[in-house]
Amino acid sequence: MTVLLRASKRNVSHLPPPLVLVLIYAGLILMGILALKLPWATTAPITWSDAAFTATSAVTVTGLAVVDTGAGFTFFGQLILTLLIQLGGLGLMSFAVLILSMLGLPVGFTHHLYLREDLNQTSATDLLKLTRMILRVVLLFELIGAVLLALVFVPEFGWGQGIWDAIFHSVSAFNNAGFALFPDSLSRWVGDPLINLTIPLLFILGGIGFTVASDVWRHKTWRRFSLHTKLMLLGTALLLILPTLAFAAMEWGNPATLGPLHWPAKLWASWFQAASTRTAGFNTIDLAGLNDATTLMLMVLMVIGAGSTSTGGGIKVTTFIVLLLATIAFFRRHQNIDVFGRRLGTDQVMKVLALTMVSLFLILLSLFAMLLFHEGAFLDLAFETVSAFATVGTSRGVTGDFDTVGRIVVMFIMFVGRVGPLTLGFLLATRRTKRISYPAGTVYLG
């Protein structure tokens, strides 16, 4: 037995780290499928397609659902979903650091570079310390969130159900999963201040990135924050304030969304949707009734996503900011990008361009596949595709209409959207020195 384990470990060690991460996530999804197919996990038998879609959505912390989470799954099934969400949400932050070493993989400098850079650390020891800090912070925030949510759920549903609802939604919110135990998500609390503050606070903290949280905790003053932290805090603030105002302005009189609500509820709903759309997937109004312009704005927010080393998806806030800074520098005829007293290197700009182009290509390719295999309104399918790739989970109500082929396409999008950026990051972190140098050439652009 010992010989077999050593042989298995030696064979695994020869696999590229990106492939190992893909296999780990695929294995977790497979275990989730088998667990959800157990007879005591559901209130009525579900198909393998339903189990596969739900497990993939949970592990990728997306939140798209084809089975009513609250009515279709028993307490055991909901507990399985909670574990899948927790493992999937923490995977890109903690497991990517620990699992490779646990498996005995020879993670050298080139393969380790992306994780070290993304976590803003300088050594493997620092990464392990950060991972332990992450686990403590996650449990603390989820506990606080559950206590606050229990103040709403317990009086309404009783102690047992209320406490479980609070725990489930706290875990789902902090991991930016978007799974809810109610068929209308959180729409019944559209004007409740505690729900509209606690849930967004959880997914904002989960989506801002733990390197930022660690930096803020250690240094506590703006002057000593890292460049990444400064860009994330400023970018997050702007991406919360401006979309909230824009959402309210565009939907204020819409009878299908904000129109019937009183003005305090309109403000809460505008804040909640603007904050949730980038990362979380919860909603307090019917998104199918949004104006086309608002829908497009939400799709852009989903593509931007959350922060690096967070539970959210998308191309990441700092990627979007660097793209803007590079564009401004070009029009100002600046050769370098300087921000907050720091200079961004050409390699970082090239990485941002590569990540953005690959993401946009995958979104367009996935949308083409959806249009090819599934008939439906273009805007609805585009919204669903972007939501799946950015692992957001917001929907305009068409998820349940997909046939088997459509579900496979969406599952592939969710999986690539969650695992793809980290895998691509490993590849981009591998540097190979060119042995041949060519003379400069000119290409006419624009």
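Note that the coordinates shown come from a computational prediction; the quantities given were computed from them, not determined experimentally.

So, the confidence of the model for the protein
- For the protein, the average pLDDT comes to 83, and 81% of its residues sit at 70 or higher.
- Per-element averaging of pLDDT across the protein places helix H6 (residues 109-118) at the bottom with 44 and helix H8 (residues 159-174) at the top with 96.
- Under a pLDDT of 50 for its full length, residues 1-5 has, in the predicted model, zero contacts with residues more than four places off or in other chains.

Describing the side chain of Asn175
- The topology assignment puts Asn175 in the loop between H8 and helix H9 (193-207).
- Polar side-chain contacts of Asn175 include one of 2.9 Å to the backbone oxygen of Val171.
- Discounting residues that sit within four places of it in the chain, Asn175 has contacts with Val61, Ile85, Gln86, Gly89, Leu90, Glu142 and Thr311.

What to know about the packing of aromatic side chains
- Counting across every chain of the model gives 14 aromatic pairs.
- Ring centres of Phe153 and Phe182 lie 5.9 Å apart, and the angle between their planes is 45°; this geometry places the pair in the tilted category. Here the residue Phe153 occupies a position in helix H7 (residues 124-157), and Phe182 occupies one in the loop between H8 and H9, the gap between them amounting to 29 residues. Neither Phe153 nor Phe182 differs from the other in exposure class; each is buried.
- Between Trp222 and Phe340, the aromatic rings sit 5.7 Å apart at their centres with planes inclined by 80°, giving edge-to-face as the arrangement. Taken as a pair, Trp222 in the loop between helix H10 (210-219) and helix H11 (227-251) and Phe340 in the loop between strand E1 (337-339) and strand E2 (342-344) lie far apart in primary sequence, 118 residues in all.

Rules used throughout
Residues numbered from 1 in each chain as written. Predicted model: local features only at pLDDT ≥ 70, side-chain atom pairs only at ≥ 80, totals over all residues. Heavy atoms only, no water. pLDDT = per-residue confidence, 0-100. Helix = DSSP H or I, 4+ residues; strand = E, 2+ residues; numbered from the N terminus. Contact = heavy atoms within 4.5 Å. Polar contact = N/O pair within 3.5 Å; in protein donor to acceptor, adjacent residues only side chain to side chain. Phe/Tyr/Trp six-rings, centres within 6.5 Å; stacked < 30°, edge-to-face > 60°. Buried < 20%, exposed > 50% of the residue type's maximum accessible area, 1.4 Å probe, protein only.

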